[in-house]
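Read off the chains here:
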Amino acid sequence: MSFQPPKGTDDVIAPASQAWREALRSWETWSERYGYPLISLPLFEATDLFERGVGDTTEVVTKQMYTFTDQGGRSVTLRPEGTAGAVRAYLNSGHQGVWKGAYSGPFFRYERPQAGRRRQFWQVGVEYLDTSSPVADTEVVELGYRFITSLGLSEVDLLINSIGDPNCRPGYVEELRSYLRDKEPELSTVSADLIDRNPLRVLDSRIDRDVLVDAPRMVDHLCDACAVHYKAVKDGLSGLQIPYSEDPNLVRGLDYYTRTAFEYVATGLDAAQNAVGGGGRYDGLAEAIGGRPTPGVGFALGLDRIMLALGDPERAYLDAYLVSETGPEDALRVASQLRLQGVRVDLDAEGRSVKAQFRTARRLEVPVVLVWKGDGHLVGVQTESERAELPLQEVSNWFKG
Ligand code: HAM
């Protein structure tokens, strides 16, 4: 067979996939706990939505979109991110007032693939719409932080910044631009090219970090309303005992952000892909795509990167393997009763020998092998020395606690 998964995509299969499943389950729990119902949106949208929503000078739009013309002659794009689609869905729904949604699924960007930088990658995220309250920002940042740390990722830095709004940002951008023009001979060509088009993005540059040490900072140029908002978010996080650092150079790669911007960074990963998630406020996005003014805030987390940061997450996905001494039909009947009791159990449907069934159990690394001898009892073998014989109806007790 000569086919491979397309470049930059992955087959996520057992046993590694169990850690994914557990993380996704945990995401359901956490997002529900914070009051975010599921939103399931199209994987492709009109190309225009991303050009206008994400911004046509961003790398995501200029270089990374999977865009094609469908059979009806429309230009469509595989979603590179979820916020523009979520805002579109909110506006289309006709709903008035605050609205929350949580999502989970694949996204697509044509990037140079490496570990943690994939062409198809998985994001989980939330959007909280039609609220300008800094309490919403704080809640959103908290949810992302609690979820990531609950997965066992301890080395996570939360970076936050305020990038102002249409009131205060233009003046700052001009000041930054003239600073960058003065420094142009020392800047990399990539950064120099951005001075006119999108000078904020220069702040993101790793190679030009030394040139940027005395660059003017947005946080020193915030208007009163933005400054008050920023302080309220920081106070909110402190009140919830969420540790954060302020990063005046954090600008994010999408154009829709206003005021709050934040990132979760896994310090154990290579700097090029250590942002395991990010988000912020996007008060102008709804208008940019032709809707009524609707402030909002949200984040997305990259599951591929989170899994990478968690390390070797192979886990058994079964509680037990059922070995039958009386054939596969009996095994299925017994397994059915166990499954109804909530036990995660698998069996051999092929009628193979008892020895071969034990081999499968070992390969699956199940914590318990259950042996069915046909007399109404199951023998549970945990280790050679630990055995128990239980009536079928009581086996689920084995797996409690
Ligand atoms: P983003 O920073 O572009 O934000 O992506 C969020 C996260 O998705 C990144 O921090 C990273 O973990 C993951 N990610 C992005 N691209 C890739 C890739 N090529 N391979 C693997 N992982 C990747 C957004 O997408 C915004 N929509 C977040 C947001 C929601 N802002 C407000 N609401």
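What counts and how
- Residues numbered from 1 in each chain as written.
- Predicted model: local features only at pLDDT ≥ 70, side-chain atom pairs only at ≥ 80, totals over all residues.
- Heavy atoms only, no water.
- Helix = DSSP H or I, 4+ residues; strand = E, 2+ residues; numbered from the N terminus.
- Buried < 20%, exposed > 50% of the residue type's maximum accessible area, 1.4 Å probe, protein only.
- Contact = heavy atoms within 4.5 Å.
- Areas by Shrake-Rupley, 256 points an atom, 1.4 Å probe, with all protein chains shown as cover.
- Lys, Arg positive; Asp, Glu negative; His and termini not counted.
- Charge placed at Lys NZ, Arg CZ, Asp CG, Glu CD.
- Near = heavy atom within 4 Å.
- Polar contact = N/O pair within 3.5 Å; in protein donor to acceptor, adjacent residues only side chain to side chain.
- Phe/Tyr/Trp six-rings, centres within 6.5 Å; stacked < 30°, edge-to-face > 60°.
- Pairing = 2+ DSSP bridges.
- Axes fitted to C-alpha atoms, helices over the stretch in contact; angles between N-to-C directions.
- Left-handed = near helix turned anticlockwise from the far one by under 90°.
- Nonpolar A, V, L, I, M, F, W, Y, C, P; charged D, E, K, R; others polar.
- Expected span 1.5 Å × (residues − 1).
- Arc of directions from axis to C-beta.
- Salt bridge = Lys/Arg side-chain N within 4 Å of Asp/Glu carboxyl O.

Novice: Is there a simple way to explain the overall build of the protein in this structure?
Specialist: In terms of helices and strands, the protein carries twelve helices and 15 strands. Considered along the principal axes of its C-alpha atoms, the protein spans approximately 85 × 50 × 45 Å. The burial tally for the protein puts 49% of its 401 residues in the buried class. Partitioning the contacts of the protein with sequence separation of at least 6, the portion at a separation of at least 24 is 70%. Total accessible area on the protein stands at roughly 19700 Å², and carbon and sulfur atoms take up 49% of it. Side chains of the protein carry 44 positive and 58 negative charges; the gap between the two charge centres is 3 Å.

Novice: Would you mind going over the site of the ligand with me for this structure?
Specialist: If you check the shell around the ligand, you find 27 residues, and the closest are Glu81, Glu111, Arg118, Glu127 and Tyr257. Glutamate 111 places a side-chain nitrogen or oxygen 2.6 Å from a nitrogen atom of the ligand. Here the ligand loses 96% of its free accessible area of 660 Å² to cover by the protein chains. At the level of elements, β5 (120-129), β9 (275-281) and β10 (296-302) are the ones that each hand at least two residues to the shell around the ligand. It is β9 that contributes the most residues to the shell around the ligand, six residues altogether.

Novice: Any chance you could explain the packing of aromatic side chains here in plain terms?
Specialist: To describe a pair of aromatic rings, one takes the distance between the centres and the angle between the planes. Enumeration over the complete set of coordinates arrives at 13 aromatic pairs. Note on tyrosine 36 and tyrosine 128: the rings are 6.0 Å apart at their centroids and 90° apart in plane angle, and the pair reads as edge-to-face. Of the two residues, tyrosine 36 sits in the loop between α1 (17-33) and β1 (44-46) while tyrosine 128 sits in strand β5, which places them 92 residues apart along the sequence. Among the residues examined, tyrosine 36 registers a relative accessible area of 3% and is labelled buried. A relative accessible area of 15% means that tyrosine 128 is categorised as buried.

Novice: Which parts of the structure should I look at to understand the pairing of β10?
Specialist: Consecutive side chains along a regular strand alternate between the two faces of the sheet. For β10, a buried count of seven out of seven residues is recorded, marking the element as mostly surrounded by other parts of the structure. Across the two faces of β10 the burial is the same, with Gly296, Gly298, Ala300 and Gly302 and Val297, Phe299 and Leu301 all buried. In the sheet, β5 pairs with β10 via seven bridges, with the strands oriented antiparallel. What sits directly across from glutamate 127, in β10, is glycine 298.

Novice: Even after reading the chapter, I still don't get the packing of α1 against helix α10 (residues 303-310), so can you show me in this structure?
Specialist: The axes of two packed helices give the description: the angle between them and the distance between them. It is at 11 Å that the axes of α1 and α10 come closest, and there the two elements cross at 120°. Classified by chirality, the crossing of α10 by α1 is right-handed. Across the interface between the two elements, Ala19, Trp20, Ala23 and Leu24 of α1 pack against Leu303, Asp304 and Met307 of α10. Split into classes, the residues belonging to the contact of α1 with α10 amount to six nonpolar, no polar and one charged.

Novice: Honestly, the sheet that holds strand β13 (residues 368-372) in this entry has me stumped. Any pointers?
Specialist: Paired through their backbone hydrogen bonds, the strands of a sheet run either parallel or antiparallel. Spatially, the five strands line up as an open sheet ordered β12-β11-β13-β14-β15, and their pairing is mixed. The open sheet has two edge strands, β12 (345-347) and β15 (387-391), and neither has a second partner. Between one strand axis and the next, the sheet turns through 30° on average, direction left out of account. Pairing geometry for strand β11 (residues 320-324) and β13, over five bridges, is parallel. The partner of tyrosine 321 across the bridge, within β13, is valine 369. Sitting on the sheet, helix α11 (residues 328-340) touches β11, β12, β13 and β14 (377-381), and the angle it makes with β12 is about 175°. Contacting β11 and β13, helix α12 (residues 354-363) crosses the sheet at an angle of about 175° to β11.

Novice: What's the story with the side chain of threonine 83 in this structure? I'm lost.
Specialist: Mapped onto the secondary structure, threonine 83 falls in helix α4 (residues 83-93). Those residues in contact with threonine 83 that sit more than four places away from it in its chain are Tyr103, Glu127, Tyr256, Tyr282 and Leu285.

Novice: What is the right way to read helix α6 (residues 169-183) from this model?
Specialist: Every α-helical turn comprises 3.6 residues, leaving residues that sit three or four positions apart pointing alike. Over its 15 residues, α6 extends 21 Å from the first C-alpha to the last, a length consistent with the 21 Å expected when each residue adds 1.5 Å. Among all positions in α6, only Arg169, Tyr172, Val173, Leu176, Arg177, Tyr179 and Leu180 are buried. Looking down the long axis of α6, one finds its buried residues gathered within 165° of arc, a one-sided arrangement. On its buried face, α6 is in contact with α7 (189-197) and β8 (258-266).

Novice: I'm lost on the pattern of salt bridges in this one. Help?
Specialist: Once the charged atoms of two side chains with opposite charge are near each other, the side chains can pair. Under the counting rule described, the total for this entry stands at 24 salt bridges. The closest approach of N and O atoms between arginine 181 and aspartate 196, which form a salt bridge, is 2.8 Å. Taken together, the residues arginine 181 in helix α6 and aspartate 196 in helix α7 connect sequence positions 15 residues apart. Under the relative-accessibility criterion, arginine 181 is labelled partly exposed at 43%. With its nearest N and O atoms 2.7 Å apart, the salt bridge here joins aspartate 235 to lysine 231. Here lysine 231 and aspartate 235 lie together in helix α8 (residues 224-239), a separation of four residues that amounts to about one turn. One network of salt bridges, in which partners are shared, links Asp137, Arg281 and Asp283.

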